[in-house]
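# Structure at a glance
Here is what each chain is made of, one letter per residue.
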Amino acid sequence: AGMFEAFENFRREAPAGVYVFRPLILFDFGVDPYLASPKEFFETLGAHPPADLLEVLGDECNLYTKEGETALAFEIRDRSKVLGAMLRWENEMTEDLARLKDQLPSVSLFEDLPLKNTDARVARTQDGHVVLGYTIALGRFLLIASSEETLRSTLEHFVAGPLLR
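Conventions we followed
- Residues numbered from 1 in each chain as written.
- Predicted model: local features only at pLDDT ≥ 70, side-chain atom pairs only at ≥ 80, totals over all residues.
- Heavy atoms only, no water.
- Buried < 20%, exposed > 50% of the residue type's maximum accessible area, 1.4 Å probe, protein only.
- Helix = DSSP H or I, 4+ residues; strand = E, 2+ residues; numbered from the N terminus.
- Arc of directions from axis to C-beta.
- Phe/Tyr/Trp six-rings, centres within 6.5 Å; stacked < 30°, edge-to-face > 60°.
- Expected span 1.5 Å × (residues − 1).
- Bend = angle between axes of the 7 residues up to and from the residue.
- Salt bridge = Lys/Arg side-chain N within 4 Å of Asp/Glu carboxyl O.

## Description of helix α2 (residues 38–45)
Every buried residue belonging to α2 is among Pro38, Phe41, Phe42 and Leu45, and all of these are buried. Burial along α2 is one-sided: seen end-on, the buried residues are contained in an arc of 90 degrees. Within two residues after α2, Gly46 carries a phi angle of roughly 85 degrees, on the positive side.

Shown next, in the form of structure tokens:
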């Protein structure tokens, strides 16, 4: 619960209009704080992504936030396996990741959405608003975001900015 209290405070207190990055850190009494692995992050969230997805994600996950919306970034080891696992997870993903938003309305099925010459998958509400989406950036990073604009902004950040790896 401590990680998500910090996550909620970080998400809500980020300055308006500013794109903020933070690694997800776990705290445990008697142990120094450390970077959360994707598996630890999803377990803390109560999410149940497919096991084969966890196997092909890198060792760290990073959080991006802007104006209350959230994006997660994971380095990947195998693009095709990630896409297959994400497609299988779609039916449960919006419920599993509901904590990324203050309130997650009911959504229709995921659909394709081209973003910056990249294929994305998004879940929409009945009135057409995107409430969750994901894509692969640069063939190396899985991005999951709580809105279309956040997914677009995060993708632009990855495509335009230098990467440290």
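After that view, the rundown keeps rolling.
## Description of the packing of aromatic side chains
Counted by the stated rule, this structure contains six aromatic pairs. Clustering of aromatic rings is evident, with ring pairs tying together Phe41, Phe42, Phe74 and Trp89.

## Side note on helix α4 (residues 79–96)
An α-helical segment advances 3.6 residues per turn. Residues three or four places apart therefore align on the same side. Here α4 spans only 22 Å end to end across 18 residues, well under the 26 Å set by a 1.5 Å rise per residue. The largest bend in α4 amounts to roughly 70 degrees and is located at Glu90. Burial in α4 covers these residues: Val82, Ala85, Met86, Trp89, Glu90, Met93, Thr94 and Asp96.

## Focus: the pattern of salt bridges
Under the counting rule described, the total for this entry stands at nine salt bridges. Among the ionic pairs, Arg77 bridges to Asp59, the shortest N-O distance being 3.2 Å. Here Arg77 is found in the loop between β5 (69–76) and α4, whereas its partner Asp59 is found in strand β4 (residues 57–66), with 18 residues between them in sequence. Side by side, Arg77 and Asp59 carry an identical accessibility label, which is exposed. Residues Glu156 and Lys116 are paired through a salt bridge, measuring 3.4 Å at the closest nitrogen-oxygen approach. Of this pair, Glu156 sits in helix α5 (residues 148–160) while Lys116 sits in the loop between β6 (107–115) and β7 (118–125), placing them 40 residues apart in sequence. Of the residues examined, Lys116 reaches a relative accessible area of 49% and is grouped as partly exposed. Salt bridges sharing common partners tie together Glu90, Asp112 and Arg121.

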